[in-house]
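So you can see what is in the structure, the chains are spelled out below.
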Amino acid sequence: MSDHHLRTRMPGAPAATAAPAPRGPGPRTAAALRAAAPALAVYAAVRALGLLVLWVAAHASGKDPVVRLSGRWDSVWYQRIAENGYGHTVTLPDGALHSDLAFFPLLPALERGISEVTPLTLGGAGLLVAWTAGLLAAWGIYAVGAQLHGRRTGVVLAALWGVYPTAFVQSMAYTETLFTALAAWALYAVLRGRWLPAGALCVLAGLTRPSAAALIAALAITAAATLVREFRAGGRTGPLLRRNARMLAGVALAPLGWLAYVVFVAVREGSPFAYFEVQAQWGNNIDGGRALAAFIAGLPLPPALGLCAALGLLGWLVVLCVRQPLPVLVYTVAIVVISLIGAGYFGSRPRLMMPAFPLLLPPAVALARLRGGWGARGGLRAEAPGPMAGAEQPAATVAGADREVPPPPDAPAQPPALTAPAQPSAPSGSAQAAALTAPAAIVLAVLACASAAFGAWTLLGAGPP
């Protein structure tokens, strides 16, 4: 693995002295929120468009849009858990059993807590969690994009995630937005060398969805690569472990949420593999992609070719992501693999891949650089990649601990490739660095309209997303 896979990539940015950062968590958060405001505004606008189209279409067809968002499919299972706890099982006509133990507990716990202290129903609480988490996810996605490729790319990345083909699920009482928010901020924490917060976010992600295994793998593999690199550079085991104590603690913390729920199911059902047996009863067992191959083989030729082309595009996006930092790459590939190798309902796979937002980084970079007559006349120039404006500006590293201390005397010299120099922040309150060019705005507007129409059509249909 070459050096550039281990570091936060900031190509072409000149070394400069960072502007004084706000002191204290409150001012830093406020500054980061101001920097992310364009991304949050664009994301909120495209999701509001989706809700508006759904509302118009639902009323035109005599259907309740709120029920379509919070009263069907997985939403009902989460609300039943929130109301009654675990223990509900449905027997299908073919004798198959569907247990609510297939659903992780964080969303129902939040629904129950919110409904207890507010007038909201469980369904309303689920929508509040999903919509709030959607904004937090967009903020985290922006933060990752801005850290790697600049603020404008961060804005476009958040917007693209909001117009993803199955983005309508982001408006439903599902776990996708909650999990993506936790994953995005965990990845950002790793990119900034904040391993303990990253591990804590992984714990919560592990209580949200089983795909938290991808996030856990991203932290573990990045930490292992860092230790191997430092050891090969001549580091002795004892000082090396002490120097990376916070990194190791974060990695050890990361799987505890996921493991806790798997152990809970095992104890409740009296079988060490009970959780995996429950998933198999739902048809979600891992089959290595055989179900996907059989599904494609059973299609008529035109749709089979179209699906193969879509999978080819997915593979191309994964290849384009290879040059991203190691934790981002591992997380992305793992989410895609988990989504494709299961035997579950094929129509849900695009939804299951939605948390893999780094897949959208290559098109986001391209759109951020897109030029046209209007964009050129606007005089907007892409900024150097770097941290969010107004945020704290330590050296960006995936291997460093979240503190500035000199290494012990016997520690080997750190290779400079692991750490990228801090970049100057954009002027406070400046919107130029994050503003979209007109061609990029037009592309996003077209995608938003298409996503809204597809979302309304799907939600008003009979099948699950």
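Just so we're clear, the structure is a prediction, and the values are computed from it rather than from any experiment. (Residues numbered from 1 in each chain as written. Predicted model: local features only at pLDDT ≥ 70, side-chain atom pairs only at ≥ 80, totals over all residues. Heavy atoms only, no water.)

### A short note on the overall build of the chain
Keep this limit in mind: Going along the chain from the N terminus, every DSSP run of H or I of four or more residues is numbered as a helix, and every run of E of two or more is numbered as a strand. Burial classification: accessible surface area is computed with a 1.4 Å probe over protein chains only, and a residue below 20% of its type maximum counts as buried, one above 50% as exposed, and the rest as partly exposed. Note on contacts: a residue pair qualifies if any of its non-hydrogen atoms lie within 4.5 Å across the two residues. Residue exposure ignores everything except the shown protein chains as possible cover, and the areas themselves are Shrake-Rupley values with a 1.4 Å probe.
On a plain count of helices and strands, the chain comes out with 20 helices and 2 strands. For the chain, with 465 residues in total, the buried portion stands at 51%. Within the chain, contacts between residues at least 6 apart in sequence are counted, and of these 79% link residues at least 24 apart. Of the roughly 19900 Å² of accessible surface on the chain, 69% is carried by carbon and sulfur atoms.

### Points about the packing of aromatic side chains
As a reminder, the rule being used: Pairing of aromatic rings covers Phe, Tyr and the six-membered ring of Trp, with a centre-to-centre limit of 6.5 Å; geometry is then stacked below 30 degrees between planes, edge-to-face above 60, and tilted otherwise. Any Lys NZ or Arg CZ found within 6 Å of a ring centre and within 35 degrees of that ring's normal is scored as a charge over the ring.
Under the counting rule described, the total for this entry stands at 18 aromatic pairs. Seen in terms of ring centroids, Tyr-78 and Phe-103 are 5.1 Å apart; in terms of plane orientation they differ by 75°. Their pairing is edge-to-face. Here Tyr-78, found in helix H3 (residues 74-84), pairs with Phe-103, found in the loop between strand E2 (97-99) and helix H4 (106-117); they are 25 residues apart in sequence, far enough to count as distant. Of note, Arg-72 hangs over the ring of Trp-73, and the distance from its end group to the ring centre comes to 3.9 Å. Over the aromatic face of Trp-77 sits the side chain of Arg-80, whose NZ or CZ is 5.4 Å from the ring centroid.

### Quick look at unusual backbone geometry
Notably, Trp-73 is not glycine yet its phi reads approximately 55°, a positive angle. Within the element layout of this structure, Trp-73 appears in the loop between helix H2 (65-70) and H3.

### Here we look at the packing of helix H9 (residues 212-232) against helix H16 (residues 326-340)
Worth spelling out the cut-off: The axes used here are C-alpha line fits, helices contributing only the stretch in contact, and every angle between their N-to-C directions lies in the interval 0 to 180 degrees. Here is the rule for handedness: rotate from the far helix to the near one, and if that takes an anticlockwise turn smaller than a right angle the crossing is left-handed, while a clockwise turn gives right-handed. Ten residues, namely Ala, Val, Leu, Ile, Met, Phe, Trp, Tyr, Cys and Pro, are considered nonpolar, four, namely Asp, Glu, Lys and Arg, are considered charged, and the remaining ones, Gly among them, are considered polar.
H16 packs onto H9 with a crossing angle of 145° between their chain directions and a minimal axis gap of 8 Å. Once H9 is placed against H16, the crossing between them reads as right-handed. Contact residues: H9 offers Ala-214, Leu-215, Ala-217, Ala-218, Ile-221, Thr-222 and Ala-225, while H16 offers Leu-326, Pro-327, Val-330, Tyr-331, Ala-334, Ile-335 and Ile-338. Here the residues of the contact of H9 with H16 sort into 13 nonpolar, 1 polar and no charged.

### Observations regarding the nonpolar core
To keep things clear, this is the line we draw: Working definition of a nonpolar core: buried Ala, Val, Leu, Ile, Met, Phe, Trp, Tyr and Cys residues. They are joined through side-chain atoms within 4.5 Å.
Tyr-142, Tyr-331 and Phe-357 are the most contacted members of the largest nonpolar core, which totals 117 residues. When residues no more than four places from it in sequence are discounted, the contact partners of Phe-357 are Ile-141, Val-144, Leu-157, Trp-161, Thr-180, Ala-184, Leu-187 and Tyr-331.

### Comments concerning helix H1 (residues 25-60)
To be explicit about the condition: One fitted axis covers the seven residues ending at a residue, a second covers the seven starting there, and the bend at that residue is the angle between these axes.
Where H1 bends most, at Ala-36, the angle is about 50°, and the proline Pro-38 comes one to four residues later. Those residues of H1 that fall on the buried side of the exposure criterion are Ala-31, Ala-32, Ala-35, Ala-36, Ala-39, Leu-40, Tyr-43, Val-46, Arg-47, Gly-50, Leu-54 and Ala-58. On its buried face, H1 sits against H2, helix H5 (122-149), helix H6 (151-162) and helix H20 (438-459). Trailing H1 by a residue or two, Gly-62 shows a phi angle of about 75°, which is positive.

### Describing the side chain of His-149
To keep things clear, this is the line we draw: We call two N or O atoms a polar contact when they sit within 3.5 Å, provided that within protein one can donate a hydrogen and the other can accept it, with sequence-adjacent residues counted only if both atoms are side-chain atoms.
Position of His-149 relative to the elements: it lies in helix H5. A distance of 3.4 Å separates the side chain of His-149 from the side chain of Gln-324, its partner in a polar contact.

### So, the pattern of salt bridges
Defined as follows: A side-chain nitrogen of Lys or Arg and a carboxyl oxygen of Asp or Glu constitute a salt bridge if their distance falls within 4 Å.
Under the defined criterion, the tally for this structure stands at 4 salt bridges. One salt bridge in this structure joins Glu-176 and Arg-209, with 3.2 Å as the shortest N-O distance. With Glu-176 in helix H7 (residues 176-191) and Arg-209 in the loop between helix H8 (195-206) and H9, this pair connects stretches of sequence that are 33 residues apart. Here the two residues Glu-176 and Arg-209 agree in accessibility, since each one is buried.

### Topic: helix H12 (residues 256-269)
Our working definition: To estimate how far a helix should reach, multiply one less than its number of residues by 1.5 Å.
Helix length check: H12, at 14 residues, gives a terminal C-alpha distance of 20 Å against a target of 20 Å (1.5 Å per residue), a fit within 8%. Where H12 is buried, its residues contact H8, H9 and helix H13 (274-281). Downstream of H12 by a residue or two, Gly-270 has a phi angle that is positive, lying close to 75°.

### Describing the packing of H5 against H7
Which entries qualify depends on this criterion: Put simply, angles under 35 degrees are roughly parallel, angles over 145 are roughly antiparallel, angles from 65 to 115 are roughly perpendicular, and the rest are oblique.
In contact at an axis separation of 7 Å, H5 and H7 are set at 30° when each is read in the N-to-C sense. Relative to H7, the element H5 lies roughly parallel. The handedness of the crossing between H5 and H7 is left-handed. Taken together, the residues of H7 that come into contact with H5 (itself represented by Ala-130, Ala-133, Gly-134, Leu-136, Ala-137, Trp-139, Gly-140, Ile-141, Ala-143, Val-144, Gln-147 and Leu-148) are Thr-177, Leu-178, Thr-180, Ala-181, Ala-184, Trp-185, Tyr-188 and Leu-191. Tallied by class, the residues present in the contact of H5 with H7 amount to 15 nonpolar, 5 polar and no charged.

### Quick look at a nonpolar patch on the surface
We apply this condition: Patches draw on residues past 30% relative accessible area with no salt bridge. Two like charges within 9 Å are joined, as are two nonpolar side chains (Val, Leu, Ile, Met, Phe, Trp, Tyr) within 5 Å.
Taken together, the side chains of Leu-52, Trp-55 and Val-56 define a hydrophobic patch exposed on the protein surface, amounting to about 310 Å² of accessible area. Position of Trp-55 relative to the elements: it lies in helix H1. For Trp-55, a relative accessible area of 46% translates into the label partly exposed.

### Description of the environment of Ala-245
For Ala-245, the position within the fold is in helix H11 (residues 245-253). Ala-245 gets classed as partly exposed once you look at its relative accessible area, which sits at 39%. Placed 50 residues apart in sequence, Ala-245 and Trp-195 show a C-alpha to C-alpha distance of 9.6 Å.

### Re the environment of Phe-454
Assignment of secondary structure puts Phe-454 in helix H20. Relative accessible area serves as the criterion here: at 36%, Phe-454 is assigned to the partly exposed category. Each C-alpha atom of the pair Phe-454 and Val-53 lies 9.7 Å from the other, and the pair is 401 residues apart in sequence. Residues within four places of Phe-454 in sequence aside, it is in contact with Pro-165 and Phe-168.

### Some details on the confidence of the model for the chain
Quick note on the threshold: Scored from 0 to 100, pLDDT reflects the predictor's confidence in each residue.
In this model, the chain carries a mean pLDDT of 83, and residues with pLDDT of at least 70 account for 81%. Model confidence for the chain, summarised as mean pLDDT per element, is weakest for helix H19 (residues 373-378) at 39 and strongest for H8 at 98. Across residues 1-18 the pLDDT falls below 50, and counting only partners more than four positions away or on other chains, this stretch makes 52 contacts in the model. The low-confidence segment residues 373-430 (pLDDT under 50) makes 152 contacts with residues lying over four places distant or belonging to another chain.

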